[in-house]
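# Examination of the molecular architecture
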Amino acid sequence: MRIVELGRESLAARRDDVLDVYAEAMDVRPEAARSRRSILSSHLDREGLRAVAALDIDDRMVGIAYGYLGRPGQWWHDQVFAALSLDAARDWLAQPFEVCELHVRPPLHGTGLGRDVLLALLSETTARTAVLTTPDSETRARGFYRRGGWVELVAGLRFPGDPRSFAVLGLRLPVGQLDSGE
């Protein structure tokens, strides 16, 4: 297993691989995951875009994480800003690194690969905070983030058009100060 950084062009070229990992990790049909292709494509031009993939010996993607520097005027950023108190929004969303996706194929859950991919993703960002959303329930992912030092910023967030409830989590950077134990 090796962890590699994917530039914009490499991430674009491997969009379907990213969505295949997403489908398997999120237990959704591959066709449903592929409907997210336009979302991933729209992120390719974002400032501060970083992507890190875990590849097996056959160069098959088994893990992926990507994100970028969030800015006012971006849909997700503005939705989360509105859900936070003004003080929390100014603190956590002043040029944050927004983790868009972090997924590992299920047979590799619990191996530390997700932690390694996430740490590699965050290790080079210039942001002072990282933020993300995850389903607002006690999932394996929620425990993973909690053990990694992520804190809940808001619970019960519902995005327009999505019936699910999400939690917004935040992490203070730099990564070098994180607890890397899982």
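Residues numbered from 1 in each chain as written. Predicted model: local features only at pLDDT ≥ 70, side-chain atom pairs only at ≥ 80, totals over all residues. Heavy atoms only, no water.

## A closer look at the nonpolar core
Of all hydrophobic cores here, the largest spans 24 residues; its most connected members are Val-99, Leu-118, Leu-122, Tyr-145 and Trp-150. Where this core is concerned, the elements lending two or more residues are strand 2 (50-55), strand 3 (61-69), strand 4 (97-104), helix 7 (113-122), strand 5 (129-135), helix 8 (140-147) and strand 7 (166-172). Among the elements that take part in this core, helix 7 stands out by supplying five residues, more than any other. What Val-99 contacts, discounting residues up to four positions off in sequence, is Tyr-66, Gly-67, Leu-118, Leu-121, Leu-122, Val-131, Leu-132 and Trp-150. Counting 15 residues, the second largest nonpolar core, distinct from the first, contains Ala-12, Leu-55, Met-61 and Tyr-66. (Core = buried A, V, L, I, M, F, W, Y, C linked by side-chain atoms within 4.5 Å. Buried < 20%, exposed > 50% of the residue type's maximum accessible area, 1.4 Å probe, protein only. Helix = DSSP H or I, 4+ residues; strand = E, 2+ residues; numbered from the N terminus. Contact = heavy atoms within 4.5 Å.)

## Overview of the packing of aromatic side chains
Any aromatic ring pair is given by two values, namely how distant the centres are and how the planes are angled relative to each other. Counted by the stated rule, this structure contains four aromatic pairs. Taken together, a centroid distance of 5.4 Å and an interplanar angle of 55 degrees make the contact between Phe-159 and Phe-166 tilted. Accessibility classification places Phe-159 together with Phe-166 in one group, the buried group. Within the aromatic cluster, the residues linked to one another by ring pairs are Trp-75, Phe-159 and Phe-166. Stacked on the ring of Trp-92, the Lys or Arg Arg-172 has its end atom at 4.0 Å from the ring centre. (Phe/Tyr/Trp six-rings, centres within 6.5 Å; stacked < 30°, edge-to-face > 60°. Lys NZ or Arg CZ within 6 Å of the ring centre and 35° of its normal.)

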